[in-house]
Amino acid sequence: MNPFYERAAFREYKLASQDLSRSLEIETCASNSYQRHAELTADVLNTASRKIDCKAGCSYCCHFKVEVRAYELFLIMRYLKKALPQQAMSRFLKSAATNAERIRQLSREQHFGTNLECPFLQENHCRIYPVRPYACRNFHATNHYNCIVAYENPSDLSIPDTFIPELHAAGQGHKFGFEKALATKGYDMRIYDMSTALIDLAGDGDARKRYLKGKRTFPHAIIIETKEIF
Ligand code: SF4
């Protein structure tokens with residue numbers, strides 16, 4: 001196993017398990033994990049042999065399929081309620097509904113190969129940046145031209161990512177460690193399409209109960225992945 005992955009996974013599993021044993025809210029556990037992820041990736045980048053080519057205002061990757069686990073959407077919802085005006089929520093839901101209508105007409109393969117603007121993208125900036133999900137945190141590029149080519153050819157899934165290997169491994173390992181700790185608690189670990197899950201969560205007061213029992217948190221959302229990864 002990659003040593004960056006293994007170290008990050010082991011450390012984060014331990015710290016996340018401590019958070020969970022203190023009965024912190026799931027949103028707080030996720031927020032703590034994101035903070036540790038930011039510190040880890042900054043450390044790895046300090047000694048990395050290559051530089052990241054991502055810049056504020058570049059948002060090609062925000063048109064690729066965005067997937068979330070339920071805990072990530074709970075934290076996003078808490079942030080939306082606390083930090084953004086109600087009009088912003090209405091706008092995000094409208095944009096998610098437009099995406100949902102389109103996605104429901106696509107096969108799984110077509111969905112993978114179709115550009116859809118993330119509902120939280122506004123004027124090429126992420127409106128929920130402090131609480132963006134792991135899929136976004138773990139994405140980076142050392143050559144943004146590859147992102148442009150992928151954006152312009154969405155059905156060509158052979159276009160390679162240009163990750164820094166050690167950064168990618170550390171980020172993925174950290175995510176795995178956190179989610180492994182959640183999985184041991186029996187929470188719902190299904191992976192959902194973000195737009196359809198957001199719509200479900202906005203109108204459902206029982207989502208958290210289902211999540212904690214390991215049931216399908218978002219009954220009407222599109223599931224990207226159900227297979228056990230742990
Ligand atoms: S959540 Fe933010 S960073 Fe992630 S795809 Fe949406 S706009 Fe981009």
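About the thresholds
- Every chain is numbered independently, its residues counted from 1 as its sequence is written.
- Reporting in this predicted model follows two pLDDT cut-offs: at least 70 for local features of residues, and 80 or more for side-chain atom pairs to be given and counted; totals over whole chains, interfaces and linings ignore these cut-offs and use all residues.
- Side-chain calculation: all heavy atoms of the structure are included, whereas hydrogens and water are not.
- Think of it in three bands: residues with accessible area under 20% of the maximum for their type are buried, residues over 50% are exposed, and the middle band is partly exposed, with areas taken using a 1.4 Å probe on protein chains only.
- Nearness is judged by heavy atoms alone; a residue qualifies as near a molecule or strand once a single heavy atom is within 4 Å of it.
- Gly is put with the polar residues, along with every residue not named as nonpolar or charged; the nonpolar set is Ala, Val, Leu, Ile, Met, Phe, Trp, Tyr, Cys and Pro, and the charged set is Asp, Glu, Lys and Arg.
- Only Phe, Tyr and Trp rings are paired, with Trp represented by its six-membered ring, and only when their centres lie within 6.5 Å; those with planes under 30 degrees apart are stacked, over 60 edge-to-face, the remainder tilted.
- By the criteria applied, helices consist of DSSP H or I runs no shorter than four residues and strands consist of E runs no shorter than two, each listed in order from the N terminus.
- A helix is expected to span 1.5 Å for every residue after the first.
- By definition, the arc is the one covered by directions from the helix axis to the C-beta atoms.
- Two strands qualify as a pair provided that DSSP identifies no fewer than 2 bridges between them.
- Residue contacts are counted whenever heavy atoms from the two residues lie within 4.5 Å of one another.
- Lines fitted to C-alpha atoms define the axes, with helix axes restricted to the stretch in contact, and inter-axis angles between N-to-C directions lie between 0 and 180 degrees.
- Points on a 1 Å grid over protein atoms alone make up a cavity when a 1.4 Å probe fits among them but cannot get out, and a pocket when they form an open set with protein on both sides within 12 Å along at least five of seven lines; lining residues each have an atom within 4 Å of a point.
- Grid points are joined across faces, edges and corners, and a volume is the space filled by probe spheres set on the points.

I'd like a description of unusual backbone geometry, backed by residues and values.
The phi dihedral of E123 falls on the positive side, at around 50°, and the residue is not glycine. Residue classification places E123 among the exposed positions, given a relative accessible area of 73%.

Give a detailed account of the site of the ligand, specifying residues and quantitative values.
Around the ligand sit C62, V66, C118, F120, L121, C126, I128, P133 and C136, and that is every residue in its neighbourhood. Here the residues of the shell around the ligand sort into 9 nonpolar, no polar and no charged.

So what about the packing of aromatic side chains? Which residues, and what values?
All chains considered together, the criterion is met by 11 aromatic pairs. For the pair F139 and F163, a centre-to-centre distance of 5.7 Å together with 85° between the ring planes defines the contact as edge-to-face. Of this pair, F139 sits in the loop between α6 (134-137) and α7 (144-152) while F163 sits in the loop between α7 and α8 (165-184); the two residues are 24 residues apart in sequence, bridging distant segments of the chain. A residue is classified by how much of its surface remains accessible, and F139, at 23% relative accessible area, is partly exposed. Here F163 falls in the buried class, since its relative accessible area comes to 18%. Each member of the aromatic cluster is reached from another via a ring pair, and the members are F74, Y187, Y192, Y211 and F218.

Hey, could you go over helix α1 (residues 3-21) for me, with residue numbers and the actual values?
Here α1 spans 27 Å end to end across 19 residues, near enough to the 27 Å set by a 1.5 Å rise per residue. Taken as a whole, α1 has its buried residues at A8, A9, E12, A16, D19 and L20. Along the axis of α1, the buried positions cluster into a sector of 100°, meaning they face one direction only. Among the exposed residues of α1, those pointing more than 90 degrees away from its buried face are R7, F10 and S21.

Let's hear about the sheet that holds strand β4 (residues 191-193): which residues, and what values?
If you trace the 3 strands from one edge of the open sheet to the other, you get β1-β4-β5, paired in antiparallel fashion. Both outer strands of the open sheet, β1 (67-68) and β5 (223-225), are each paired with one neighbouring strand and no more. In this sheet, β5 lies alongside β4 in antiparallel orientation, the contact comprising 2 bridges. The partner of Y192 across the bridge, within β5, is I223. Here helix α9 (residues 194-202) sits on the sheet in contact with β1 and β4, set at roughly 90° to β4.

Could you give an account of empty space enclosed by the protein, with specific residues and numbers?
With the rule as written, the count across this model stands at 1 cavity of 30 Å³ or more. Lining the largest cavity are 15 residues; nearest its centre among them are F64, V66, L116, D193 and S195. Of all the secondary-structure elements, those providing two or more residues to the lining of the largest cavity are α4 (86-103) and α9. Residues that form the lining of the largest cavity fall into these classes: 7 nonpolar, 5 polar and 3 charged.

I'd like a description of the layout of surface pockets, backed by residues and values.
Its boundaries defined by the atoms lining it, the second largest pocket holds a volume of some 190 Å³. Along the walls of the second largest pocket sit E27, F74, M77, R78, K81, M89, L201, A202, D204, G205, A207 and R208, which together make up its complete lining. For the lining of the second largest pocket, the secondary-structure elements that each account for two or more residues are α3 (70-83), α9 and α10 (207-212). No other element matches the 4 residues that α3 contributes to the lining of the second largest pocket. Tallied by class, the residues present in the lining of the second largest pocket amount to 6 nonpolar, 1 polar and 5 charged.

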